[in-house]
Amino acid sequence: MLVGGWAETPITENHHHLVGLVTVEVNAKLGGHHTFTLVEVRHQIVAGTNYQFRLLADDGRHVEVKVFEPLPHTGQPPQVTLAAYL
């Protein structure tokens, strides 16, 4: 892995939790009301962590979601930076 580069990572309970936290925001960005299955996770360590999730929506379409999770000391919530159908 390159320093600051994206790396694929095994799916954990934390990833499922994070997707659950941002589902409402993802649906707002997509203009729908979906439930999602987590398919793939990549991450990038920066001043916090960027996550790239590949999700399967309940209508069978794949969705790419990018989430920035700030460092814990900031007290800031995760932010969806991209939500798009693939």
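Before reading on, note that the structure itself is shown above.
For the structure given in this document, a descriptive report is provided here. (Residues numbered from 1 in each chain as written. Predicted model: local features only at pLDDT ≥ 70, side-chain atom pairs only at ≥ 80, totals over all residues. Heavy atoms only, no water.)

## Some remarks on helix 1 (residues 13–30)
This is how the line gets drawn: Secondary structure elements are taken from DSSP: a helix is a run of H or I of four residues or more, a strand is a run of E of two residues or more, and numbering for both begins at the N terminus. Helix span, as expected, comes to 1.5 Å for every residue beyond the first. The angle between axes fitted to the seven residues ending at a residue and the seven residues starting there is what we call the bend at that residue. Partly exposed describes any residue whose relative accessible area lies between the buried limit of under 20% and the exposed limit of over 50%, with all areas from a 1.4 Å probe on protein chains only and scaled to the type maximum.
If you check helix 1, its first and last C-alpha atoms are 24 Å apart, about what 18 residues at 1.5 Å a residue would give, namely 26 Å. Taken as a whole, helix 1 carries its principal kink of about 50 degrees at valine 22. Among the residues of helix 1, His15, Leu18, Val19, Val22, Val26, Asn27 and Leu30 are the ones counted as buried. Backbone geometry just downstream of helix 1 places glycine 31 in the positive-phi region, at approximately 75 degrees.

## As for the environment of alanine 47
Selection criterion: The criterion used for residue contact is that any of the two residues' heavy atoms lie within 4.5 Å.
Its location among the elements puts alanine 47 in the loop between strand 2 (36–46) and strand 3 (48–57). By relative accessible area, alanine 47 is classed as exposed at 59%. For the pair alanine 47 and phenylalanine 68, spaced 21 residues apart in sequence, the C-alpha to C-alpha distance is 9.6 Å. Excluding residues within four positions of it along the chain, alanine 47 makes contact with Phe68 and Leu71.

## Focus on the packing of aromatic side chains
The geometry of an aromatic ring pair is captured by two quantities: the separation of the ring centres and the angle between the planes. The condition that has to hold: Ring geometry is summarised as follows: Phe, Tyr and Trp rings, the Trp one being its six-membered ring, pair when their centres sit within 6.5 Å, and such pairs are stacked at plane angles under 30 degrees, edge-to-face over 60 and tilted between the two. Any Lys NZ or Arg CZ that is within 6 Å of a ring centre and within 35 degrees of that ring's normal is treated as a charge sitting over the ring.
Throughout the structure, instances matching the rule amount to 1 aromatic pair. Of note, arginine 61 hangs over the ring of tyrosine 85, and the distance from its end group to the ring centre comes to 3.8 Å.

## Topic: the nonpolar core
Let me state the cut-off plainly: Among buried residues, the Ala, Val, Leu, Ile, Met, Phe, Trp, Tyr and Cys ones that are joined through side-chain atoms within 4.5 Å form a nonpolar core.
Formed by 17 residues in total, the largest nonpolar core has its most connected members in Val26, Phe53, Leu55 and Val65. Sorting the residues of this core by element identifies helix 1, strand 2, strand 3, strand 4 (62–70) and strand 5 (79–85) as the ones contributing at least two each. If one sorts the elements of this core by residue count, helix 1 sits on top with 5 residues.

This is a description of form; function is not addressed.
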